[in-house]
Amino acid sequence: MTAQTTPGTARGAPAPRELTRGERWGRRGPLLPGLLFVIALTQIPFLFTVYYSFQDSNLLRPESGGFSGLANYGAVLGDPLFRNAVVNTVLLTAGAVLLSLVLGLGLALLLDRAFLGRGVVRTLMITPFLVMPVAAALLWKTSMYHPVYGLLNWVISPFGVRVDWVNDFPLLSIILVLAWQWTPFMMLILLAGLQSQPPEVLEAARVDGAGPLETFRSITFPHLRRFLELALLLGTIYIVQTFDAIYMITQGGPGQATTNLPYFIYLQAFRAFEVGEAAAAGVVVVAATLVIAMFALRVVSSLFEEES
Amino acid sequence: MSTRTPPRGLPLTAAATGLVLMATACAGAGGEASGGGERVVTVATVANPQMEDIESLIGEFNDQHDDITVEFVVLPENQLRDRVTQDIATQSGQYDVVTVGTYEVPIWAENGWLLGLDEYAADPEYDIDDIIPTVRSALSYDDQMYGAPFYGESSFLMYRTDLFEEAGLEMPDQPTWEEVAGFAAELDDSDTAGICLRGVPGWGELLAPLNTVILTHGGQWYDEEWNAHLDSPEVQEAVQTYVDLVRDHGQAGAPNAGFTECLTTMAQGDAAMFYDSTVAAGNLEDPESSSVVGDIGYVAAPVAETDHAGWLWAWALSIPSTSTDPEAAWEFVSWATSKEYHRLVGEELGWERVPPGARVSTYDIPEYQEAAAAFAGPTFEAIENVDVEQPGLHPQPWTGVQYVAIPEFQDLGTRVSQEISAAIAGQQSVEEALATSQEYAEETAESGGYRD
């Protein structure tokens, strides 16, 4: 990427002169309001969430309230529905991220080549990412999955198969919608990676007699490593929060088959109005996501580090 | 990104942390609506056609009350409920008039969240006695009315007269569920489902029709001592009947179909019968949204053991106790629920759009009788026949039909409906679904402190 690099950090330039204290604040100062704004916007609601997680608060019972210690956490962690939601979230996230990553890589490799109308194709490919999640979910529910007039069944009906997608494979149905939405995102990141490959290196590989597969394995893939990591991480963090598709398509059902953590929290907060328990569940989810994000990043980084 | 290799993990993790925190924290935050000022009435309403009609006619109200400004906050049903509950429970007082249903009114009245309306409504011009008695009692707590009905609904069975004639079948005025199952089996073919019934989880979705089936089979959620009876043979039989019917002869994709989906299925001519809300009739008789206009017959809700089996729901306008100007709020409420308003809608927007099921006198207007000829009678009868005190065979310690009027029911009902929806999807048997549901219900009675 050719973002503005401050003079002095470019390669081969002399080491930068130490900034004086005044100069440093001169640079930081203008950023402070923005920083404070971001902190206020992100951390204050979170602190309130933490506060509520220690309160016995049910909106429908005016007499409820007051400090309840860790009772909410106990209630949430002991709830089999919460544990079920954890499992569903893991399956949903892993499935959707991996599927969209693989599809995105494939599409990026294809789009990396020059061909007539590439710009048009690329725009079309990105479209699913620009559709509002709610609209996308509704679209899939009615025009793709519907057992009578859905497109998927229309495609497979010549083979004499008829599948009630959402009922028979609820989790898979949601994963497919998410993969459809997130493949373009993965593709964009990976395409940027592919296009940032120095052409001389590829040229040299060809001169040395490496085939396309060999080139991909030894040069392109290691180069893509960081882009894959980024795509994986951002995709995971966003897909963990999936709500729209579940709300619109299955309402968490049939049974508890598609109730993931955000939907579980939604039910706690707005069906049961158990503010305390919902907040506790939210805090648990944030903590778990942080741990997983850090852990996954370490694992992935070291894995690739060793390989290269 | 520079081509050097800085310690990458850290900044990325930091960025990720920020994103997670932001997204999680913001999920719970509500919005703000405008309000305040002198004689401003802020109305939270549900986004459905009848409510939207109020907005278009508000000019008439302004002509009579030039000192009052009415501001509308229009939201879809679920969001409205979330938002209004938050507003009222936290006593933040954004709204002067809220739109609530028969489920909320007694619970909120008990909490002291709503103002009693009897004193205001005593004005003879308002004619409180003209309100349909069952609706009025569903919107009352301790013999005081806490919500003025904007429109009311019950449930009935809609069926395709042309298909029945073709097959040589005759629909009785009040079929039993057994007969309905027979008709469904007869009329079920590859193009047309025998019947469309809700299957999507949600206390206001699947449970609404299903509860009327449970009640008419002699089942009940709780007895007078708050013992749960969801695993009783009567409930077992009722739920089995419903699940079998929708699995064998119902619409495809039933576990994800709710009111809207079934209404579409019926309006497109893809189902022979449809048991649901009386408000569906307005859409089925509207040529713009329906391909089966004139081919639909309406009969009373199917029964088993009881004489009547319809549910009762009404959207009502209530004044929260936090309202800053209850007098102005009542001016608006009384206008929007008056006889005069019904006439206004009929004359300005068309008679079939008059809010149904709120006032007896509406059904005496000749123009309305003509415009709603197909369904006005059955709707009125269905609403009038509901017994909100004891809809089933057994006495119940709450008022209401298709729900248990306790705050915990939104949660309990949602959980139970998820279990039954799984039975409709074939993931578990009805016995398993009801065994789990019984546990939930027992737990709720216990934790809610209803049982000593």
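Residues numbered from 1 in each chain as written. Chains lettered and ligands numbered in written order. Predicted model: local features only at pLDDT ≥ 70, side-chain atom pairs only at ≥ 80, totals over all residues. Heavy atoms only, no water.

Looking at an unreviewed UniProt entry, chain B carries the name Sorbitol/mannitol transport system substrate-binding protein, with the source organism given as Nocardiopsis aegyptia.

In the annotation of an unreviewed UniProt entry, the entry for chain A reads Sorbitol/mannitol transport system permease protein, and the organism field reads Nocardiopsis aegyptia. Annotation of chain A in UniProt includes, under Sequence similarities (unreviewed entry), the sentence "Belongs to the binding-protein-dependent transport system permease family." The UniProt entry for chain A carries this comment under Subcellular location (unreviewed entry): "Cell membrane". (UniProt positions renumbered as here; feature names shortened; annotations may be inferred.)

Visitor: Hey, could you go over the sheet that holds strand β10 (residues 313-318) of chain B for me, with residue numbers and the actual values?
Guide: Residue and element names in this part refer to chain B. Here 5 strands make up an open sheet; going across it, the order is β2-β1-β3-β10-β6 and the pairing mixed. Either end of the sheet is taken by a strand with one partner, and the two such strands are β2 (69-75) and β6 (148-153). Sheet twist, expressed as the mean angle between neighbouring strand axes with direction ignored, is 20°. Of the strand pairs in this sheet, strand β1 (residues 40-46) and β2 are connected by 7 bridges, and their pairing is parallel. Bridge pairing in β2 links V43 to F72. Each of β1, β2, β3 (97-101), β6 and β10 is contacted by helix α2 (residues 49-64), which is oriented at about 170° to β2, the strand it contacts most. (Pairing = 2+ DSSP bridges. Helix = DSSP H or I, 4+ residues; strand = E, 2+ residues; numbered from the N terminus. Axes fitted to C-alpha atoms, helices over the stretch in contact; angles between N-to-C directions. Contact = heavy atoms within 4.5 Å.)

Visitor: Residues and numbers for the sheet that holds strand β9 (residues 296-300) of chain B, please.
Guide: In a beta sheet, neighbouring strands pair by backbone hydrogen bonds and run either parallel or antiparallel. All names here are of chain B. With respect to topology, 3 strands assemble into an open sheet ordered β8-β7-β9, the strand pairing being antiparallel. In this open sheet, the two edge strands, each paired with only one partner strand, are β8 (273-277) and β9. Here the strands of the sheet are splayed against their neighbours by 30° on average, with no regard to which way each runs.

Visitor: Describe the UniProt feature "domain: ABC transmembrane type-1" (unreviewed entry) in chain A, with residues and values.
Guide: Following the UniProt record, one finds the feature "domain: ABC transmembrane type-1" (unreviewed entry) at residues 86-296 of chain A. As annotated, residues 86-296 of chain A comprises 77% helix and 0% strand, and the C-alpha atoms at either end are separated by 17 Å.

Visitor: Please give an account of the packing of helix α10 (residues 233-249) of chain B against helix α18 (residues 430-447) of chain B that cites residues and values.
Guide: Pairs of packed helices are described in terms of their axes, by the angle between the two and the distance that separates them. All names here are of chain B. For the pair α10 and α18, the least separation of the axes is 10 Å and the interaxial angle reads 130°. As judged from the angle between their axes, α10 and α18 are oblique. Relative to α18, the crossing made by α10 is right-handed. Seen from α10, the contacting residues are V235, Q236, V239, Q240 and V243; seen from α18, they are V430, E431 and L434. (Parallel < 35°, antiparallel > 145°, perpendicular 65-115°, else oblique. Left-handed = near helix turned anticlockwise from the far one by under 90°.)

Visitor: Would you mind going over a nonpolar patch on the surface in detail, with residue names and values included?
Guide: All names here are of chain A. Taken together, W25, L32, L35, L36 and I39 make up a surface patch of nonpolar side chains, about 490 Å² in accessible area. Here the nonpolar patch takes 4 residues from helix α2 (residues 32-53), the largest share from any one element. Within the secondary structure, W25 is located in helix α1 (residues 21-28). (Patch = residues over 30% accessible without salt bridge, like charges linked within 9 Å, V, L, I, M, F, W, Y side chains within 5 Å. Areas by Shrake-Rupley, 256 points an atom, 1.4 Å probe, with all protein chains shown as cover. Salt bridge = Lys/Arg side-chain N within 4 Å of Asp/Glu carboxyl O.)

Visitor: Before we move on, can you summarise the confidence of the model for chain B with the specific residues and values?
Guide: Residue and element names in this part refer to chain B. Confidence in the prediction of chain B, expressed as mean pLDDT, is 86, and 92% of residues score 70 or more. Predicted confidence for residues 1-37 stays below pLDDT 50, and this span has 49 contacts to residues more than four positions away or in other chains. Scored as a whole, the predicted complex attains pTM 0.80, and scored at its interfaces, ipTM 0.73. (pLDDT = per-residue confidence, 0-100.)

Visitor: Lay out the domain arrangement of chain B with the relevant residues and their values.
Guide: Residue and element names in this part refer to chain B. With domains assigned, chain B is organised as domain 1 (39-153 + 313-373) and domain 2 (155-310 + 387-448). Just the C-alpha atoms count here: the centres of domain 1 and domain 2 sit 28 Å apart. With 10 residues of domain 1 at the interface, the matching set in domain 2 holds 15 residues. Here domain 1 packs against domain 2, burying approximately 1,100 Å² in sum over the two surfaces, 63% of which is carbon and sulfur. Summed over the three residues of domain 1 that lose the most area to domain 2, namely Y103, I107 and E153, the buried surface amounts to 52% of that side. (Domains from an automatic or database assignment. Buried area = accessible area lost by both parts, 1.4 Å probe.)

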